[in-house]
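Descriptive analysis of the structure
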Amino acid sequence: MENVIVLVNRIQRACTVLGDHGGGDATTSLPTLWESLPSVAVVGGQSSGKSSVLESIVGRDFLPRGSGIVTRRPLVLQLHKTEDGVQEYAEFLHMPKRRFTDFALVRKEIQDETDRLTGKTKQISPVPIHLSIYSPHVVNLTLIDLPGLTKVAVEGQPESIVQDIENMVRSYVDKPNCIILAISPANQDIATSDAIKLARDVDPTGERTFGVLTKLDLMDKGTNALDVLEGRSYRLQHPWVGIVNRSQADINKNIDMIIARRKEQEFFASSPEYSHLSSRMGSEYLAKLLSQHLEAVIRARIPSITSLINKTIDELESEMDHIGRPIASDAGAQLYLVLELCRAFEKIFREHLDGGRPGGDRIYGVFDNQLPSALRKLPFDRYLSLQNVKRVISEADGYQPHLIAPEQGYRRLIESALNYFRGPAEASVDAVHYVLKELVRKSIGETQELKRFPTLQAELAAACFHALERFREDGRKTSVRLVDMESAYLTVEFFRKLPQEVDKTGTGNPSTPSVDRYADVHFRRIASNVSSYIGMVSDTLKNTIPKAVVHCQVREAKRSLLNYFYTQVGRKDAKQLAQLLDEDPALMERRQQCFKRLELYKSARNEIDAVSWSR
Ligand SMILES: Nc1nc2c(ncn2[C@@H]2O[C@H](COP(=O)(O)OP(=O)(O)OP(=O)(O)O)[C@@H](O)[C@H]2O)c(=O)[nH]1
C-alpha cells in the first residue's frame, strides 16, 4: 500500500484548493473533510523553539524569523521523502509551477504570502499556506505550524490578537483527529508551559499529545529534565522527546542543519544524564516517531473516513438536486428550460382552477354569494318610492299627462333602474380578477422549479398580470353589455301579461278601465310592475354575468394566459434569455460551494479507492 501519509497529503491539498480549511463556518454550513483527516499541529509559546524543531525535522533553514508574531497563518508543511541523491526542492500550493531550490527564497515567499492575505497589519488568518518539501533527508510527514501562543500584543497589533491566536490554535487542536506536538522549553518550569496547558485542556488523557522539550542545553548547571523526559512531571501516553536545537549563536554563524543534527546526537550520547535515553531523543528520532504514529493513525481512520466521505457525497448530491443543476449556456437549451418552467407553472395554475388545488372555488363564491348579495342590495325600494315614480312619470309625460298607460314613464323608470346593474356586474369582474391574480401568485410560489429564478418569476408574474388585465377589460365590456342589452330591448311579453287596471267603483265592466290616473294607487301599481320587471332582469343577470365572466376571464386565463409571453420569449437572444434565467445570487453561490465540496469528496474517494485497491 502506498504510504498513506502521501495520500492524506494529496487530499489535504485538494481541501485547500477547494476552500475547505476546516473550522465550522456557520454561514456556509458545508461539511468539512479537512477536519476528518489526521494531522500533526505544532503548538508552543513564543520562542519555545517551534521553528527550530520544524527546521531540524526538515534539515533546512526555511522559516521566517524575527521578533513578535512571525507565524500569522497556519503553515501546512508536507514532507515527501525522495530517493537519495535527488535534489531537494520546495513547492507552494499557491505557486504550483515554481520549484524552489533556494530555501532562503522559501522563507521570503512564506512572508510574502502571509502578507498577501493579512496585509502588513500583522493580523492573523486561518487560511493555511501549503508548502511541500521533497528531500532525501526527510520522512513522510505532515506538520501544521501555528502562530506561537503569546501573552501580550506587540505594537501595531490589536489587543485581541492574544485571544485570536489562542482561538485559532484551539480550533486545530480541539479536533479529535489532531495530533498535538506540544513544544516546551526545558529552561522553563513545565507547569507554566503554554503548550502543555492547552494540550491538557483539549486532550486531558494525553492520548494524542507528543511532548517535546527543547533547550535542554540551556538548563542551569546541576539541573536536568529527567523528571519531565521520563514522564514523572507530566504523564503523557507517548514518551517525551528531548531536543537540542541550534542556539541563536549557531544560527548567526550559519551552522549547517545536518551538522547541528549530528551535534544534537552527540549531546545526548555524551550526556551523563541523558545517554540512557539517547536512542529516543533528538529531532531525527522525533520525525520518525511522528511519521510512524501518523501513518498508524491514518490507517486506522481510513474506513471511517471512507464512510464519512460516502455519506457526505450522498448529502451533497441531494442538496444539489434540491438546488437544481447549473443552467446550460446555449440559447436553445435556455429557451427550452424557460418553456418547461412556464409549463410547470401553468399546470399548477390550472389545477387551482379546475380543482386538485384550492382557490378555484373562490370564483364560484363570487357567483354564488357576492353577486346575488350585491344584486339584492341594489336600492330599488328607494328608487321606486311613490314620490320618485310620480316625478319620473310626470317628467316623462311633459305638458300632456298620459291618457291610458305611461309608456314613456315606464321606459324611463326601467332604463334608469337597469343602470344600477352595472355596479354588481363590474364588481363581479373585479372580484374574479383578483382571485385569478392571487392564484397566479400562489402558483408561482408553488412551482418548485421556479424557485431559483427570481427574475423569471417576476417577469412571469408581470406577463400574467398584464394578460389578466386584458381579460378583465373584456369581461367588464361583455358583462356591462349584457346590462345594456337589457335596456336596449324590453321584454314585451312581460307587459302583455300584466293584469289591466280595473275600475274599483264596481261598474261591472272590467274591460273599461276607469281608474283615477292621478291617484296614488295608480303609481303604486306602476312601481310594482317596474319592480317585478327589474326582478326578472336581476334573475337573468344573476345567471348571465357569471357566464360572461367565465367566458372572458377564467376560460381565457386557462387557455391563453402566457400566449403573449411565449411570443416575446421566442424573440429573445441568448443574452436576454440568460438574464431571464438569472438565478438568486445566494443560490448560485451555494451551488458553487456544494459543487466544489462535492468535487473534493469525490476526488478524495477516488484517491482512497486507488490506494486501497493497490494494497
Ligand atoms: N541553545 C538553544 N537555543 C535554542 C533551542 N531551541 C531554540 N533555541 C533558540 O531560541 C530562539 C527561539 O527559537 P525559535 O525556534 O525561533 O522559537 P519559536 O517558538 O519558533 O519562536 P517564535 O516563532 O518567535 O514563536 C532562537 O534564538 C533559537 O536559536 C535549543 O534547543 N537550544
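Overview of the structure. Given the structure is predicted, the values throughout are model-derived calculations rather than measurements.

We now examine the site of the ligand. As a matter of local geometry, the ligand sits amid 19 residues, with S51, S52, D217, N245 and Q248 nearest to it. Contact between the ligand and N245: an oxygen atom at 2.7 Å from a main-chain N or O atom of the residue. Coverage of the ligand by the protein amounts to 89% of the 640 Å² it exposes when considered alone. Contributing elements (two or more residues each) for the shell around the ligand: α2 (50-58) and α7 (248-252). With three residues, the top contributor of residues to the shell around the ligand is α2.

A positive phi is found at K215, a non-glycine position, where the angle reads about 60°. Structurally, K215 is set in the loop between β8 (209-214) and α6 (226-229). Positive phi, normally seen in glycine, also occurs at N254, with a value near 60°. Along the chain, N254 falls in the loop between α7 and α8 (257-270).

Now for the packing of helix α13 (residues 386-397) against helix α14 (residues 407-419). Closest axis-to-axis distance for the α13/α14 pair is 8 Å, and the angle between their directions is 125°. Considered as vectors, α13 and α14 are oriented oblique to each other. Two packed elements cross with a definite hand, and for α13 against α14 that hand is right-handed. Counted together, V389, V392, I393, E395 and A396 of α13 and Q408, G409, R412 and L413 of α14 form the full contact between these two elements.

A few words now on the side chain of S538. Structurally, S538 is set in helix α18 (residues 520-560). Overall, S538 belongs to the buried group, its relative accessible area being 14%. Apart from residues lying up to four places away in sequence, S538 is in contact with L375 and F421.

As a further point, take the sheet that holds strand β1 (residues 39-44). A sheet is described by the order of its strands in space; here nine strands give the open sequence β4-β3-β5-β2-β6-β1-β7-β8-β9, paired in mixed fashion. Because the sheet does not close on itself, it has two edges, and the strands there are β4 (95-100) and β9 (241-242). One ladder, built from six bridges, connects strand β7 (residues 178-185) with β8; its direction is parallel. Bridge assignment links I180 to a residue of β8, and that residue is T209.

Reading guide: rules and limits
Residues numbered from 1 in each chain as written. Predicted model: local features only at pLDDT ≥ 70, side-chain atom pairs only at ≥ 80, totals over all residues. Heavy atoms only, no water. Near = heavy atom within 4 Å. Polar contact = N/O pair within 3.5 Å; in protein donor to acceptor, adjacent residues only side chain to side chain. Areas by Shrake-Rupley, 256 points an atom, 1.4 Å probe, with all protein chains shown as cover. Helix = DSSP H or I, 4+ residues; strand = E, 2+ residues; numbered from the N terminus. Axes fitted to C-alpha atoms, helices over the stretch in contact; angles between N-to-C directions. Parallel < 35°, antiparallel > 145°, perpendicular 65-115°, else oblique. Left-handed = near helix turned anticlockwise from the far one by under 90°. Contact = heavy atoms within 4.5 Å. Buried < 20%, exposed > 50% of the residue type's maximum accessible area, 1.4 Å probe, protein only. Pairing = 2+ DSSP bridges.

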